[in-house]
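Working through the structure, step by step
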Amino acid sequence: MGIEVRNITKTFGTFAALRDVSLGVATGELVALLGPSGSGKTTLLRIIAGLEEPDPGSGAILFHDEDVARRRVSSRRVGFVFQHYALFRQMTVFENVAFGLRVRPKRLRPSRNLVKYKVLRLLKLVQLESMANRYPHQLSGGQRQRVALARALAIEPKVLLLDEPFGALDARVRQELRQWLRRLHDEIHLTSVFVTHDQDEALELADRVLVMNEGRIEQIGTPDEVFHRPATEFVVKFMGQVNFFHGRLEGDKVHFSTMAWDWPEHAGASTQPARVFVRPHELDVDVERNGQPSLQAVVTRIHSAGPNVRLELRAASGEPLCAELTQERFRSLNLSVGNTVYVTPRDVTVFADESPK
Ligand code: ADP
Ligand code: MG
């Protein structure tokens, strides 16, 4: 086991920022901490790093099976990259990366030549060899974060902790850097924990995703698991746009209770109220009733610039809906705003209501 977090609780005054959080990160794994702002991601990362202490008597942090609670931060061999990692402005790229090596105690400090060799190798790794003599203000945001990463890697960490490192960059650069980071992680055999509030980033980058909400873990799973088999309603909603319906459960059948559904209403005493979630791409759209139970709706907006076409719809009952079709399907339906369509869920995620009426 690379990192193990056992039953950590952290309170600031009376506010519980982390509530009984446990997590294992295997050696070589890249785990994303995903959650909205204020959910406790940074606090958890800082506790793993040793920059913050958990509540006295609560849990433990183990690195490679060793309790590190009493270990000094500097001896944990942890590299950090933060969203606004202030590089030293008066130092060149080279000097920034060399910093961690030059401040080592004398007996551990590499020779001048070795520092040079290591720094140049790192700059090559982050594809900034040609920028060694530049100052931070002469770099783009993406380049600065790569310098920050090279600097974090200079101490040859076993564990790399990243707190929204690409948060301040624009979408295209973020996308590039995230693929690049994933390759780097694999190449140099790191164990990494990556904080983000962006579900696409987490799903694309991580081996496993830990979804946090109000200091608690909602789910830990592979990107596939958290996306396709969400454990809670919070996870469903956090993973992207989703349509919501009231329904009823009868055995393993789901009935939609919305009267507007052209669906035999079986809501008898034996059924249980349920909450039904359908992703836009899980809704089939047709211009005619096709014999399947369906909901009538009107097309209110069409977004076709993309790999898929997103339709905004309004159900007869007034509820807004969103459906996503392939470009091919969209063309074959020949749709315009104002058209009437019939939507049928192909797949649903259902949670029984905890407090049945
Ligand atoms: P995230 O990184 O997910 O946005 P944080 O871990 O930074 O969340 O914060 C979680 C909660 O703990 C927030 O409500 C924040 O205000 C609170 N918090 C974090 N650090 C402190 C602190 N040093 N003192 C008081 N409250 C804090
Ligand atoms: Mg944070």
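Up top you'll find the structure we're talking about.
What comes next concerns the included structure. Keep in mind the model is a prediction, meaning the values are calculated, not measured.

1. Things to note about the overall build of the protein
Of regular secondary structure, the protein possesses 9 helices and 20 strands. Dimensions along the principal axes, computed over C-alpha positions, put the protein at roughly 80 × 50 × 30 Å. Every one of the 357 residues in the protein was classed for burial, and the buried ones make up 46%. The long-range fraction of contacts in the protein, counting pairs at least 24 apart against all pairs at least 6 apart in sequence, stands at 67%. A distance of 12 Å separates the average location of the 47 positive side-chain charges in the protein from that of its 43 negative side-chain charges.

2. What about unusual backbone geometry?
With phi around 45 degrees, Asn 7 is a residue other than glycine that occupies positive phi space. Counting through the fold element by element, Asn 7 comes out in strand E1 (residues 3-12). A residue is classified by how much of its surface remains accessible, and Asn 7, at 39% relative accessible area, is partly exposed.

3. Thoughts on the site of ligand 1
Close to ligand 1 lie Phe 12, Phe 15, Ala 17, Pro 36, Ser 37, Gly 38, Ser 39, Gly 40, Lys 41, Thr 42 and Thr 43. Interatomic distance of 2.5 Å between a side-chain N/O atom of Thr 43 and an oxygen atom of ligand 1. Considered on its own, ligand 1 offers 560 Å² of accessible surface; in the complex 59% of this is hidden by protein. Within the residue set of the shell around ligand 1, elements represented by two or more residues are strand E2 (15-25) and helix H1 (41-49). Top contributing element to the shell around ligand 1 by residue count: H1, with 3 residues. Here the residues of the shell around ligand 1 are counted per class, giving 4 nonpolar, 6 polar and 1 charged.

4. Things to note about the packing of aromatic side chains
In this structure the tally under the stated criterion is 6 aromatic pairs. Centroid distance Phe 88 to Phe 99: 4.6 Å. Interplanar angle 55 degrees. Geometry classified as tilted. Taken together, the residues Phe 88 in the loop between strand E6 (78-82) and helix H2 (93-102) and Phe 99 in helix H2 connect sequence positions 11 residues apart. Where Phe 166 meets Phe 194, the ring centres are 6.0 Å apart and the plane angle is 55 degrees; that geometry is what we call tilted. Separated by 28 residues along the polypeptide, Phe 166 in the loop between strand E7 (159-163) and helix H5 (171-187) and Phe 194 in strand E8 (residues 191-196) bring together distant segments of the chain. Through a chain of ring-to-ring contacts, three or more aromatic side chains come together here, namely Phe 244, Phe 277 and Phe 351. One cation-aromatic arrangement involves Arg 279 over Phe 227; the distance from NZ or CZ to the ring centre is 5.1 Å.

5. Concerning the packing of H2 against helix H3 (residues 112-125)
Contact geometry of H2 with H3 gives a least axis separation of 9 Å together with a crossing angle of 125 degrees. Taken as axis vectors, H2 and H3 run oblique relative to one another. Pair H2 / H3 crosses with right-handed handedness. Where H2 approaches H3, its residues Val 93, Phe 94, Val 97, Ala 98, Leu 101 and Arg 102 are matched on the opposing element by Val 115, Lys 116, Lys 118, Val 119, Leu 120, Leu 122 and Leu 123. Broken down by class, the residue content of the contact of H2 with H3 amounts to 10 nonpolar, no polar and 3 charged.

6. Overview of the nonpolar core
Grouped together as the largest cluster of nonpolar side chains are 46 residues, with contacts concentrated most on Val 97, Val 119, Leu 123, Leu 149, Leu 160, Leu 181 and Val 209. Tallying contributions element by element places helix H4 (residues 141-153) first for this core, with 6 residues. Discounting residues that sit within four places of it in the chain, Val 119 has contacts with Phe 94, Val 97, Ala 98 and Leu 101. Val 31, Ile 61, Phe 80 and Leu 210 belong to the second-largest nonpolar core, a separate cluster that totals 25 residues.

7. Overview of the pairing of strand E3 (residues 30-34)
Of all 5 residues in E3, 5 are buried; the element is thus mostly enclosed. On E3, burial covers both faces: Leu 30, Ala 32 and Leu 34 on one face and Val 31 and Leu 33 on the other are all buried. Pairing of E3 with E8 involves 5 bridges; the strand directions are parallel. Paired with Leu 30 across the two strands is Ser 192, which belongs to E8. Of the pairings in the sheet, the one linking E3 to strand E9 (residues 208-213) comprises 4 bridges and is parallel in character. Within E9, the residue paired with Leu 34 across the bridge is Val 211.

8. Focus: the sheet that holds E6
Here 6 strands make up an open sheet; going across it, the order is E6-E7-E8-E3-E9-E10 and the pairing mixed. Each of the sheet's edge strands pairs with one partner strand only, and the pair in question is E6 and strand E10 (216-221). Mean inter-strand twist for the sheet, computed between neighbouring axes without regard to direction, equals 15 degrees. Across 5 bridges, the pairing between E9 and E10 is antiparallel. Within the sheet, the bridge partner assigned to Val 209 lies in E10 and is Gly 221. Sitting on the sheet, H1 touches E3, E6, E7, E8 and E9, and the angle it makes with E7 is about 155 degrees.

Calculation criteria
- Residues numbered from 1 in each chain as written.
- Chains lettered and ligands numbered in written order.
- Predicted model: local features only at pLDDT ≥ 70, side-chain atom pairs only at ≥ 80, totals over all residues.
- Heavy atoms only, no water.
- Helix = DSSP H or I, 4+ residues; strand = E, 2+ residues; numbered from the N terminus.
- Buried < 20%, exposed > 50% of the residue type's maximum accessible area, 1.4 Å probe, protein only.
- Contact = heavy atoms within 4.5 Å.
- Lys, Arg positive; Asp, Glu negative; His and termini not counted.
- Charge placed at Lys NZ, Arg CZ, Asp CG, Glu CD.
- Near = heavy atom within 4 Å.
- Polar contact = N/O pair within 3.5 Å; in protein donor to acceptor, adjacent residues only side chain to side chain.
- Areas by Shrake-Rupley, 256 points an atom, 1.4 Å probe, with all protein chains shown as cover.
- Nonpolar A, V, L, I, M, F, W, Y, C, P; charged D, E, K, R; others polar.
- Phe/Tyr/Trp six-rings, centres within 6.5 Å; stacked < 30°, edge-to-face > 60°.
- Lys NZ or Arg CZ within 6 Å of the ring centre and 35° of its normal.
- Axes fitted to C-alpha atoms, helices over the stretch in contact; angles between N-to-C directions.
- Parallel < 35°, antiparallel > 145°, perpendicular 65-115°, else oblique.
- Left-handed = near helix turned anticlockwise from the far one by under 90°.
- Core = buried A, V, L, I, M, F, W, Y, C linked by side-chain atoms within 4.5 Å.
- Pairing = 2+ DSSP bridges.

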